[in-house]
Amino acid sequence: MSEPFRRKLVAGNWKMNTTRASAVELGRGIAQLVPADRTDVDVLVCPPFPYLCAVASAIEGSAVQLGAQDAYYEPPGAFTGEVAVNMLTDVGCHYVIIGHSERRHILGETDPLIQRKVSAAIAGSLEVIFCVGEQLAEREALQTERVLDRQMAGGLAELTEAGLEHLTIAYEPVWAIGTGRTATPEQAEDVHLYLRKWLADRYNPRRAQSMRILYGGSVNPKNALELLSQRDVDGALIGGASLKVETFQPIIEAAAAATSEGGGTKT
């Protein structure tokens, strides 16, 4: 039986960047690249919280989807500074990034906290991009698989098989984020295949084969096609290169080209 089709997803994580004006301009520029009838690639933008509504308006009528960079696991209440899942859906978000390495390693988020966020987001009808990845010292110590095992088991501890339908995994080697260093296509493919086998062992092969697994870590117009052409690389989570239309567009086109060539889609 052939594997299910996995259309590439290119997600732009704008992090703590842009102003309202530049966010709107960027959103409009990306929307022009992805009209409503474009179906060869999925495109997502994740602006900072203050600009979600403005960017939602800027991309309206296009096929670009809106996401947030984080969410809290509690319903609305006395949680100063946090943003609830239903607030995100209320302003038009379809996706949320959970467990990004910067939240793990700079802001101290733990696997149990991330697990609660994943569960709350899926229960609240958001699609989750769940991030995992090792630091440089861990890779050099040959601990990559152990780190991934811990993060996957911890972050997905309460996730049912049905919940997998609303999950996308993003492998982001911490040593390659914003450093200019990038995992080789072979390194990326090896880890993506490992994650797919992890899912097959703990859920089932069918769910594992339908799961989109993105690569994130200094993806740019020069390396995007080679990375995205790997069999188990189903898209990319983009940081810096998503902040300009002229650098984001070639990555979108590389994803579309990799899909048409059969990369990461079917047997």
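Scroll up a little and you will see the structure.
Here is a short report on the structure shown in this document. (Residues numbered from 1 in each chain as written. Predicted model: local features only at pLDDT ≥ 70, side-chain atom pairs only at ≥ 80, totals over all residues. Heavy atoms only, no water.)

**A few points about the pairing of strand β5 (residues 127-132)**
We count it as follows: The cut-offs for exposure are 20% and 50% of the maximum accessible area for each residue type, with area from a 1.4 Å probe on protein chains only; residues under the lower value are buried, those over the upper are exposed, and the others partly exposed. Helical segments are the DSSP runs of H or I of at least four residues, strand segments are the runs of E of at least two, and each set is numbered from the N terminus. Should DSSP find at least two bridges between two strands, the strands are taken to pair.
When you tally the buried positions in β5, you get 5 out of 6 residues, the bulk of the element. In this sheet, β5 lies alongside strand β4 (residues 95-98) in parallel orientation, the contact comprising 4 bridges. Along β5, the bridge assignment pairs I98 with F130.

**Observations concerning the layout of surface pockets**
Definition in use: Cavities and pockets were defined on a 1 Å grid built over protein atoms only: a cavity is a set of grid points that admits a 1.4 Å probe from which the probe cannot escape, a pocket is an open set flanked by protein on both sides within 12 Å along at least five of seven lines, and lining residues are those with an atom within 4 Å of any such point. Grid points are joined across faces, edges and corners, and a volume is the space filled by probe spheres set on the points. Classes in brief: Ala, Val, Leu, Ile, Met, Phe, Trp, Tyr, Cys and Pro nonpolar; Asp, Glu, Lys and Arg charged; the others, Gly included, polar.
Here the largest pocket is characterised by a volume of approximately 450 Å³. What lines the largest pocket is a set of 20 residues, and nearest its centre among them are F49, Q69, D70, R103 and L107. A breakdown of the residues in the lining of the largest pocket according to their chemical character gives 11 nonpolar, 4 polar and 5 charged.

**Quick look at helix α11 (residues 245-260)**
Rules: An expected span of 1.5 Å times one less than the residue number is assigned to each helix. Contact criterion: two residues are considered in contact whenever any of their non-hydrogen atoms come within 4.5 Å of each other.
With 16 residues, α11 ought to run about 22 Å at 1.5 Å a step, and its terminal C-alpha atoms sit 22 Å apart, in line with that. Residues of α11 that are buried include every one of F248, I251, I252, A254, A255, A256, A258 and T259, and no others. Contacts from the buried residues of α11 go to β1 (9-13), α1 (20-33), β2 (42-46), α10 (224-228) and β8 (235-238).

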